[in-house]
Amino acid sequence: MEWEVVIGLEVHVQLSTQSKIFSGASTAFGAEPNTQACAVDLAMPGTLPVPNEEAFRYAVMFGLAMNAEIGKRSVFERKNYFYPDLPKGYQTTQLEKPIVGAGKVEIHLEDGSSKTVRLHHAHLEEDAGKSLHEDFHGMSGIDLNRAGTPLIEIVSEPDMRSAAEAVAYLKKIHSIVTYLGISDGDMSQGSLRCDANVSVRLKGEEELGTRAEIKNLNSFRFIEKAIKVEAQRQIDLIEDGGKVVQETRLYDSDKNETRSMRSKEVANDYRYFPCPDLLPVVLTDEYVDIIRGELPELPDAKCARFEKDYGLSAYDADQLTQERATADYFEQVAAKSGEPKLAANWVMGELAALLNREEKSIADSPVSAEHLAGLIARIKDNTISSKIAKQVFEVMANGDGDADAVIEAKGLKQVSDTGAIEKMVDDVIAASGAQVENYRNAAPDKRPKMMGYFVGQIMKASKGQANPQMINKILKDKLDALL
Amino acid sequence: MAVDAQTVEKLAELARIAISEETIDEVSNRLGDVLQLVDQLQAVNTDGVEPMAHPLDAVQVLRKDEVTEPNRRDEFLALAPQTEAGLYLVPKVID
């Protein structure tokens, strides 16, 4: 039997507004507990919500980026449930008339293929506070700083068929919201969180299987693992004659398993109704058009432009455009060095490795775009070889000046002096009698390969500084003269 | 039409309201009366009528994205029965 996994995602994105969605309290991350929870956030009697216009602008930007319909008249509803981090006893959210309607987005998979994932809708809502279950004499501590932070909840159709597709979709959403600048997208701080609806069915089957919802996945890696392990659990269950129950499950990353959140099985009845404190929010066509005109270049458009203007491969262009900061950095290096392909290789190669090693984002890169461009220019004009360039790069990474200063200070300039190279070639040939003999006796088509030994010795003698193209030419002439 | 006892108990649990065994009948009848009124409203033909959000067709006013609320934590914490380290303490809840 061949099984097919069906996945739909609900992604919560915190919008990076200054103040909350319904109050003037700050949304800054990391403040002392409850110092940013005002009377509205605490649900004090007599308070009324007043929506933040920036949250709507951000939601509309997102909707336009997802090719979605914009809800010109959106309505807030109350979703009723009791939990201590929700002081009002209901979450103000949208159900019937969300700000963003149906849309679609293209995702790119590692094998180079693409796929369209449909957006069901996206709505505005408020975040809840945080419960801390450390030991407060057997009680829980509540911090309401996060209560009322604006969120968009982005609901996809069940269009994904593997964990890898789900991750690709989530990366795309991450990329879009950070390009738009409507969220910092920082998953470690909970700015982007994801619930996954997972079901399985036999391949070819039309009807969807019963789904389980995995809650609160907060890293790309965990999402992939959680979906895989949950799909396998469902397959094993059905193959053993069992039935999948529709329920909410929690992923335990330590044990790599999902488990049922039994407490929520009791009556998941939110009794939604329109919020009487808030009137419909009406947006005009002109307003939406102005926002449309202000949208920045989005990842797909940038990717296509990188392929066309810089002659990059589809894969490279996609890698470089996933994050706006990386794309901007690359463009600076490409422009200043005039060498887009070398720039792409360095940004995705040495620079990515360096940032990874030092756990830094490209915004905090120890090597600036200007310095990297300077280095590439010296490779291009043959001042240094690519190999020496890597040494120079490491020195620049320690903050010791630009490429020219490092090359000068360390005496790394490439030797392109014909006389000096000829001497090194002669020395190596003289010291390698056996290898020269082998070269002479070899079939002509084997000879180019055999030159590698000599090149290696010469490079070693020059400490890597001899111009490789010149070595090759002079060496070949001299060896062939001995035939 | 009275609401059955089971429904009353479920609603009570959802609303976190304690209803004693003796009062279930009474609550059930009163809820039934409310629902009867709702049924009467439901009977009206509303085809093609947009739900009304406000009698004067007012729409929501939005505010600028500015932080206008100062930190008044101490005043708010003073109203709570139990606090510690700047947190409100509540009976343990684990999901």
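Bear in mind the structure is a predicted one, so any value in this text is a computation, not a measurement. The residue numbering used here restarts from 1 in each chain and proceeds along that chain's sequence as written. Chains and ligands are labelled sequentially in the order written, the chains with letters from A and the ligands with numbers from 1. Totals for whole chains, interfaces and linings use every residue, but because this is a predicted model, local features are given only for residues with pLDDT of at least 70 and side-chain atom pairs only at 80 or more, for both listing and counting.

Caption draft 1: How the structure looks around the packing of helix H12 (residues 418-431) of chain A against helix H14 (residues 447-461) of chain A. Residue and element names in this part refer to chain A. Where helices are involved, their axes are fitted lines through C-alpha atoms of the stretch in contact, as for all axes, and angles between N-to-C directions lie from 0 to 180°. Each helix is a run of H or I in the DSSP string that is no shorter than four residues. Each strand is a run of E no shorter than two, and both are numbered from the N terminus. One way to put it is that H12 packs onto H14 with a least axis distance of 9 Å and a crossing angle of 125°. Considering the angle they form, H12 stands oblique to H14. Considering only the axes of H12 and H14, their crossing is right-handed. Between H12 and H14, the contacting residues are Met424, Val425, Asp427 and Val428 on the first element and Phe454, Gln457, Ile458 and Ala461 on the second. Here the word oblique covers every angle except those under 35 degrees (roughly parallel), over 145 (roughly antiparallel) and from 65 to 115 (roughly perpendicular). With the far helix as reference, a near helix turned anticlockwise by less than a right angle produces a left-handed crossing, and one turned clockwise produces a right-handed crossing. What counts as a contact here is a pair of residues whose C-beta atoms, placed from the backbone, lie within 7 Å.

Caption draft 2: A look at the interface of chain A and chain B. Contact residues are listed per partner, giving 43 residues for chain A and 32 residues for chain B. Elements with a contribution of two residues or more to the side of chain A that touches chain B: helix H1 (53-65), strand S7 (130-136), strand S8 (139-143) and strand S15 (281-282) of chain A. Considering only residue class, the side of chain A that touches chain B consists of 21 nonpolar, 15 polar and seven charged. For two strands to count as paired, DSSP must find a minimum of two bridges between them. Looking at chain direction, S8(A) and strand S2 (residues 87-91) of chain B are connected through four bridges and run antiparallel. Looking across to S2(B), one finds that A:Ser140 is bridged to B:Val90. Residue polarity follows a fixed list, in which Ala, Val, Leu, Ile, Met, Phe, Trp, Tyr, Cys and Pro are nonpolar, Asp, Glu, Lys and Arg are charged, and the others, Gly among them, are polar.

Caption draft 3: Layout of the environment of B:Ala43. Residue and element names in this part refer to chain B. The residue Ala43 is located in the loop between helix H2 (24-42) and helix H3 (73-77) in this model. Overall, Ala43 belongs to the exposed group, with 7 C-beta atoms counted inside 10 Å. Between the alpha carbons of Ala43 and Arg63 there is a distance of 40 Å; along the sequence they are 20 residues apart. Buried means a residue has 20 or more other C-beta atoms within 10 Å of its own C-beta, exposed means 12 or fewer, and partly exposed covers the counts in between; C-beta atoms are placed from the backbone.

Caption draft 4: Spotlight on the sheet that holds strand S1 (residues 83-84) of chain B. Strand order across the open sheet formed by four strands is S7(A)-S8(A)-S2(B)-S1(B), with antiparallel pairing between neighbours. Strands with a single pairing partner mark the edges of an open sheet, and in this sheet they are S7 of chain A together with S1 of chain B.

Caption draft 5: Main features of the pairing of strand S11 (residues 212-217) of chain A. All names here are of chain A. Where strand S10 (residues 192-202) lies against S11, four bridges are found, and the strand directions are antiparallel. Considered in S11, the bridge of Cys194 is made with Leu217. Here four bridges tie S11 to strand S12 (residues 247-252), and the two strands are oriented parallel to one another. In the sheet register, Ala212 faces S12, and the bridge partner there is Glu247. A crossover counts as right-handed when, viewed with the strands pointing away from the observer, the path leading from the first strand over the helix to the second turns clockwise. The parallel pair S11 and S12, bridged by helix H3 (residues 220-239), forms a crossover whose chirality is left-handed.

Caption draft 6: The nonpolar core, seen in detail. Counting 69 residues, the largest nonpolar core has A:Ala59, A:Phe62, A:Ala166 and A:Ala196 as its most contacted members. Considering every element that reaches this core, the biggest residue donor is helix H2 (residues 163-180) of chain A, with 10 residues. Note on definitions: a nonpolar core is a set of buried residues drawn from Ala, Val, Leu, Ile, Met, Phe, Trp, Tyr and Cys, linked by C-beta atoms within 7 Å.

Caption draft 7: Focus on unusual backbone geometry. Although it is not a glycine, A:Ala43 adopts a positive phi angle of roughly 60°. Structurally, the position occupied by A:Ala43 is in the loop between strand S1 (3-14) and H1.

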